[in-house]
Amino acid sequence: MPDDLTIADGHVVSIHYTLTDDTGKILDSSRSQSPLQYLHGQNNLVPGLESQLTGKTVSDRFTATVAPADGYGEYKQPGPQPLPREAFPADADLREGVQFTVRADNGEIFPVWIKQASDEEVFVDANHPLAGVTLNFDVEVFSIREATPEELSQGHPDR
């Protein structure tokens, strides 16, 4: 594989990143584990980060600021909605931040996140927990290679 590849659609890319909010609070990081590997151009990252990775090369290190619209979206109302506790399986993990999928009356399936739970009600929110948040990434590119035909067809790299 050539050492001079630049990140483009159809490349498998490995990066390390640290994600912070505007206060500097660390929200996520890959630094204590293996680099994150993704298939560029397949919407495996938030769009604002993926677009800023395009054209980068191995060993590039940079910061990327991603506005909510290019990250997890703007925060939309109505916000958290109560559901009866019995709407969830008895053994369901109902901690704050846990994600579930629900089916709307029109049949559409979409994700929701638990905001709060009690014995009677579970408050869920269709907004991603980072909706409305400006994302600040510190990124280092570790490797770039061309994806295999199988990876391209499945939309993600083989692990």
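First, a word on scope: everything that follows refers to the structure included in this document. (Residues numbered from 1 in each chain as written. Predicted model: local features only at pLDDT ≥ 70, side-chain atom pairs only at ≥ 80, totals over all residues. Heavy atoms only, no water.)

**Topic: the packing of aromatic side chains**
Rule in force here: Here the aromatic set is Phe, Tyr and Trp, taking the six-membered ring for Trp, and pairing holds for ring centres within 6.5 Å; pairs whose planes are under 30 degrees apart are stacked, those over 60 apart are edge-to-face, and all others are tilted. Note on conventions: DSSP H or I runs of at least 4 residues are helices, E runs of at least 2 residues are strands, and numbering of each starts at the N terminus. A simple rule labels every residue: compare its accessible area, found with a 1.4 Å probe on the protein chains alone, to the largest value its type can have, and call it buried under 20%, exposed over 50%, or partly exposed in between. Placement of a positive charge over a ring is assigned whenever Lys NZ or Arg CZ falls within 6 Å of the ring centre and within 35 degrees of the normal to the ring plane.
Scanning all chains against the criterion turns up two aromatic pairs. With a centroid separation of 5.2 Å and 70° between ring planes, the pair formed by Phe-88 and Phe-100 is classed as edge-to-face. Of this pair, Phe-88 sits in the loop between strand E5 (81-84) and strand E6 (99-103) while Phe-100 sits in strand E6, and the two are twelve residues apart along the sequence. With respect to class, Phe-88 is no different from Phe-100; both count as buried. In this arrangement the basic side chain of Lys-56 is found over the ring face of Phe-62, its NZ or CZ atom lying 4.6 Å from the centre.

**As for the nonpolar core**
The cut-off we apply is this: For our purposes a nonpolar core is just a set of buried Ala, Val, Leu, Ile, Met, Phe, Trp, Tyr and Cys residues, chained together by side-chain atoms within 4.5 Å. In this description, contact between two residues means that some pair of their heavy atoms is separated by no more than 4.5 Å.
Of all hydrophobic cores here, the largest spans 20 residues; its most connected members are Ile-7, Leu-49, Leu-53, Leu-135, Phe-137, Val-139 and Val-141. Taken together, the elements giving at least two residues each to this core come down to strand E1 (11-20), helix H1 (47-53), strand E4 (61-66) and strand E9 (135-146). For this core, the element with the highest residue contribution is E9, accounting for five residues. Apart from the residues within four sequence positions on either side, Val-141 is in contact with Ile-7, Val-13, Ser-14, Ile-15, Leu-53, Lys-56, Thr-57, Val-58, Ser-59 and Asp-60. Phe-88, Leu-94, Val-98 and Phe-100 belong to the second-largest nonpolar core, a separate cluster that totals nine residues.

**Some remarks on unusual backbone geometry**
Cis geometry marks the peptide bond from Gln-77 to Pro-78, where omega comes out at 25°. Along the polypeptide, Pro-78 turns up in the loop between E4 and E5. Phi angles above zero are rare outside glycine, and Asn-43 is one such case at about 60°. Relative to the assigned elements, Asn-43 resides in the loop between strand E3 (36-39) and H1. Using a relative accessible area of 65% as the deciding quantity, one classes Asn-43 as exposed. Unusually for a residue other than glycine, Ser-59 sits at a positive phi of about 80°. Structurally, Ser-59 can be placed in the loop between H1 and E4. Its relative accessible area of 57% is what places Ser-59 among the exposed residues.

**Overview of the side chain of His-11**
Filter applied, for reference: A 3.5 Å cut-off defines polar contacts: any pair of N or O atoms within that distance qualifies, except that in protein one atom must be a possible hydrogen donor and the other a possible acceptor, and neighbouring residues in sequence count only when both atoms are side-chain atoms.
Along the chain, the position of His-11 falls in strand E1. In this structure the side chain of His-11 is engaged in a polar contact, spanning 3.0 Å, whose partner is the backbone oxygen of Thr-6. Every residue in contact with His-11, bar those within four places of it in the chain, is listed here: Leu-5, Thr-6, Tyr-38, Leu-39, His-40, Ile-144, Arg-145, Glu-146 and Ala-147.

**What to know about the sheet that holds E5**
Backbone hydrogen bonds hold the strands of a sheet together, and the pairing may be parallel or antiparallel. Formally: Two strands qualify as a pair provided that DSSP identifies no fewer than 2 bridges between them. For helices, the fitted line uses only the C-alpha atoms of the stretch in contact; every axis is such a line through C-alpha atoms, and the angle between N-to-C directions lies from 0 to 180 degrees.
With antiparallel pairing, the four strands of this open sheet are ordered in space as E5-E8-E7-E6. Of all strands in the sheet, those with a lone pairing partner are E5 and E6, marking the two edges. Each strand axis lies, on average, 50° off the axis of its neighbour in the sheet, ignoring direction. Bridge analysis of E5 against strand E8 (residues 121-125) gives four bridges, and the strand direction is antiparallel. Its bridge partner being in E8, Pro-82 is matched across the sheet by Phe-123.

**Re the environment of Arg-103**
Looking at where Arg-103 falls in the secondary structure, it is placed in strand E6. Considered as a pair, Arg-103 and Gly-155 are 52 residues apart in the sequence and their alpha carbons are 25 Å apart. Once residues within four sequence positions are removed from consideration, Arg-103 is found in contact with Glu-108 and Ile-109. A distance of 3.3 Å separates a polar atom in the side chain of Arg-103 from the backbone oxygen of Gly-107.

Any link to function would need more than the numbers given here.
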